[in-house]
Amino acid sequence: MKNRSSRRNFLKTSFVSTTALSSISAPSILLGGMPSKTINFASVGAGGKGWGDIKSCSKGHKVVAVCDVDYGRLERSKREYPGSKGFVDWRKLLDQKDIDAVTISTPDHMHAPVAMTAMDLGLHVYVQKPLAHDIYEARQMQLKAREKKVITQMGNQGHSGSTYQTVVKMIQSGMIGKVKRAYAWSNRPVWPQGKDTRPELVGDLPTDVSWDHWLGTAPYRPYAKGFYHAFRWRGWLDFGTGALGDMGCHIMDPVVWALGLGAPNSVSAQGPGATQESFPKWSVIDYEFPGTPFTLGKSLKFTWSDGGKLPPHADLKLPKGLKQFPRNGSMFHGENGTLLVQHSSPFWLLPDETFGQVKVERVPGKNHYQEFTKAILGETKTSTHFDYACPLTETVLLGNLAIRVPGKKLEWDTTNLKVTNHKEANQFVKRKYRSGWEVKGL
Ligand SMILES: NC(=O)c1ccc[n+]([C@@H]2O[C@H](COP(=O)([O-])OP(=O)(O)OC[C@H]3O[C@@H](n4cnc5c(N)ncnc54)[C@H](O)[C@@H]3O)[C@@H](O)[C@H]2O)c1
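Each value, and the rule that gives it
- Residues numbered from 1 in each chain as written.
- Predicted model: local features only at pLDDT ≥ 70, side-chain atom pairs only at ≥ 80, totals over all residues.
- Heavy atoms only, no water.
- Helix = DSSP H or I, 4+ residues; strand = E, 2+ residues; numbered from the N terminus.
- Rg over C-alpha atoms; globule rule 2.2 N^0.38 Å.
- Contact = heavy atoms within 4.5 Å.
- Areas by Shrake-Rupley, 256 points an atom, 1.4 Å probe, with all protein chains shown as cover.
- Lys, Arg positive; Asp, Glu negative; His and termini not counted.
- Charge placed at Lys NZ, Arg CZ, Asp CG, Glu CD.
- Domains from an automatic or database assignment.
- Buried area = accessible area lost by both parts, 1.4 Å probe.
- Salt bridge = Lys/Arg side-chain N within 4 Å of Asp/Glu carboxyl O.
- Polar contact = N/O pair within 3.5 Å; in protein donor to acceptor, adjacent residues only side chain to side chain.
- Nonpolar A, V, L, I, M, F, W, Y, C, P; charged D, E, K, R; others polar.
- Near = heavy atom within 4 Å.
- 1 Å grid on protein atoms, 1.4 Å probe; cavity = no way out; pocket = protein on both sides within 12 Å on 5 of 7 lines; lining within 4 Å.
- Sits in = over half its atoms within 2 Å of the grid points.
- Points joined across faces, edges and corners; volume = space filled by probe spheres on them.
- Buried < 20%, exposed > 50% of the residue type's maximum accessible area, 1.4 Å probe, protein only.
- Pairing = 2+ DSSP bridges.
- Axes fitted to C-alpha atoms, helices over the stretch in contact; angles between N-to-C directions.

**Student:** What is the right way to read the overall build of the protein from this model?
**Tutor:** For the protein, the count of helices and strands is 13 helices and 15 strands. What you see for the protein is a C-alpha radius of gyration of 22 Å, in line with the 22 Å of a compact globule of 442 residues. Principal-axis analysis of the C-alpha atoms gives the protein an extent of 65 × 65 × 40 Å. Considering only residue pairs separated by 6 or more positions, the protein has 69% of its internal contacts joining residues 24 or more positions apart. For the protein, the accessible surface area stands at approximately 18,800 Å², while carbon and sulfur atoms represent 52% of it. For the protein, the centre of its 58 positive side-chain charges and the centre of its 39 negative side-chain charges are spaced 3 Å apart.

This is how it looks when you write it as structure tokens:
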């Protein structure tokens, strides 16, 4: 696989020339003779969430290659982008010389292998959340993105939405004072979790999916129809990242962002913990972060919960009209009140007596996908680039590490990616890839 940096530089240079021309008001028709600014996109995992990812990122540009291990989904994607090449093996897709940027929307265990390889080739990457399956992978992705100076964006599109941007502004402007306690929660899992054993219902290899490619770096597991592909891989330790991994990068994001949280000092999981095979039916994860200018005191306790566990809210006077406490959301308790946020939208300042008359000016939402595309052309910067998204992913995945050893308060050394007070827990920082699927840098 050859480095593609020359085409990348060409894209940037052509943008500079066009900008220079625009600044002397050249009619756009004259720009027809300029070198093309068309970005050549590719998609890996094109048939699920990837369908929307590649469509939204490539708007106004070109899709030259698509990859999916499901033959039917691959055919559908190829039809959608006439002239594009189709691949079952992402490594063959990345061998193509005409690609500038890749959207990566596979199951979680394949995000890092594909993204690291793509970045190593100098390609820009839009990667679904969570960026990685393991903490070690997330750290390596951050380092690789810096080394290669590629444009990166994580698929937590809520970050660009009006609600989360407004929440950040409200917290950082001190609307509820300094924050003393924070929560985030989700109604997931809405797929099987808490299973002690892998499926016994094992059939022949499927004819519609390349199972070896689907497994990729994961340990070999016999194919079991309806248990993994599609969508239901989420709860299995080998492939998914459970309820926390699925929603943490969305719902913990406004808290981490607004409060400027770095890496936690410690983490502990309540609940049954993971089985040998799967994430638990529910979990409550307590993180402790060093204090920041937006928090009260030396440290901040931030609790994640899922599987129907909601944060304490009996004492909260909910606003009239809110019939049910949100099933997915985040909550900040500040010195002067509470900000309750339903995932994506809407939010409430409480209590009503204090904030009833307060008018909040909403920050307009942006297009998360097009931000990535415009950043490639040098027109803007991405907001969930890997210097933000990799540490956020590490925090989320540290919760999953705690789920493997529940009931223990784990002290975390982020510099060395190490639990300092529980030797066995460190085996979950990094996983071993299946023979033949080793990836440079991971
Ligand atoms: N940001 C969001 O709102 C959002 C929403 C849904 C899913 N997601 C994320 O998108 C990713 C995919 O989730 P999904 O629900 O679409 O899963 P899915 O299983 O429905 O779809 C995944 C697709 O990738 C294909 N695939 C699997 N392994 C592959 C491989 N090695 N190479 C190429 N293609 C492969 C599958 O055949 C399938 O078409 C996950 O990371 C998930 O967290 C994000």
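**Student:** Looking at this structure, how should I read unusual backbone geometry?
**Tutor:** Glycine aside, residues mostly have negative phi, and peptide bonds are mostly found in the trans state. With an omega of -10°, the peptide bond between histidine 229 and alanine 230 qualifies as cis. Among the structural elements, alanine 230 can be located in the loop between helix H8 (211-215) and helix H9 (242-251). The peptide bond linking leucine 350 to proline 351 adopts the cis configuration, its omega dihedral lying at 0°. Residue position: proline 351 is located in the loop between strand E13 (347-350) and helix H11 (352-355). A positive phi is found at phenylalanine 231, a non-glycine position, where the angle reads about 70°. Within the fold, phenylalanine 231 resides in the loop between H8 and H9.

**Student:** Whenever I open this one, the domain arrangement of the protein confuses me. Can you help?
**Tutor:** Quite often, the size of an interface is put as the accessible area lost when its parts meet. Under the domain assignment, the protein is made up of domain 1 (5-157 + 369-385) and domain 2 (159-192 + 234-365 + 394-428). A C-alpha centroid distance of 30 Å is found between domain 1 and domain 2. At the junction of the two partners, domain 1 supplies 18 residues and domain 2 supplies 22 residues. Between domain 1 and domain 2, roughly 1,700 Å² of surface is buried when both sides are summed, and carbon and sulfur atoms account for 54% of that area. For the pair domain 1 and domain 2, the number of links is two salt bridges. At the junction of domain 1 and domain 2, the tally comes to 12 residue pairs in polar contact (both at pLDDT 80 or more). Of the residues forming the side of domain 1 that touches domain 2, the biggest block, four residues, is contributed by helix H6 (residues 135-148). Split into classes, the residues belonging to the side of domain 1 that touches domain 2 amount to six nonpolar, seven polar and five charged.

**Student:** Help me understand the environment of aspartate 387 in this model?
**Tutor:** Tracing the backbone through its elements, the reader meets aspartate 387 in helix H13 (residues 386-404). Those residues in contact with aspartate 387, other than ones at most four positions away along the chain, are Gln142 and Arg146. Of the polar contacts made by the side chain of aspartate 387, one reaches the side chain of arginine 146; its length is 2.8 Å.

**Student:** Please clarify how the site of the ligand should be interpreted in this entry.
**Tutor:** Around the ligand, 28 residues are found, and the nearest of them are Lys49, Asp68, Arg73, Lys129 and Gln157. The separation between an oxygen atom of the ligand and a polar side-chain atom of histidine 111 is 2.9 Å. Separating an oxygen atom of the ligand from a side-chain N or O atom of tryptophan 233 is a distance of 2.8 Å. One can see that the ligand is located within the largest pocket. Along the lines of polarity and charge, the residues of the shell around the ligand split into eight nonpolar, 12 polar and eight charged.

**Student:** Explain the layout of surface pockets here, please?
**Tutor:** With a probe scaled to a water molecule rolled over the atoms, the places where space remains empty come into view. As a volume, the largest pocket reaches approximately 640 Å³. Taken together, 34 residues line the largest pocket, and the ones lying closest to its centre are Lys49, Ser105, Thr106, Pro107 and Trp233. Of all the secondary structure elements, the ones that give two or more residues to the lining of the largest pocket are helix H5 (111-120), H8 and H9. Tallying contributions element by element places H9 first for the lining of the largest pocket, with three residues. In the lining of the largest pocket, the residues fall into 14 nonpolar, 12 polar and eight charged. Counting contributing residues, the lining of the largest pocket receives three or more from each of domain 1 (5-157 + 369-385) and domain 2 (159-192 + 234-365 + 394-428).

**Student:** Could you clarify how one ought to interpret helix H12 (residues 368-376) in this entry?
**Tutor:** Given 3.6 residues per helical turn, the α-helix brings residues three or four places apart onto the same face. Most of H12 is tucked away, with eight of its nine residues classed as buried. Among all positions in H12, only His368, Tyr369, Gln370, Glu371, Phe372, Thr373, Ala375 and Ile376 are buried. Two or three places before tyrosine 369, at the opening of H12, asparagine 367 has a side-chain oxygen 3.0 Å from that residue's backbone nitrogen. Phi turns positive one or two residues past the end of H12, at glycine 378, with a value near 80°.

**Student:** In this structure, what is going on with the sheet that holds strand E14 (residues 410-413)? I would like to understand it.
**Tutor:** Across a sheet, strands are paired by hydrogen bonds formed along the backbone, either parallel or antiparallel in direction. Within the open sheet, the nine strands sit side by side as E13-E12-E11-E7-E10-E9-E8-E14-E15. Their pairing is mixed. With one partner strand each, in any of the chains shown, E13 and strand E15 (418-419) form the two edges of the open sheet. Judged from the five bridges that link them, strand E7 (residues 179-185) and strand E10 (residues 299-306) form a sheet pairing that is parallel. Residue pairing in the sheet places tyrosine 183 in a bridge with threonine 303 of E10. Along the sheet face, helix H7 (residues 162-172) touches E7, strand E11 (329-334), strand E12 (338-342) and E13 and points at about 170° away from the line of E12.

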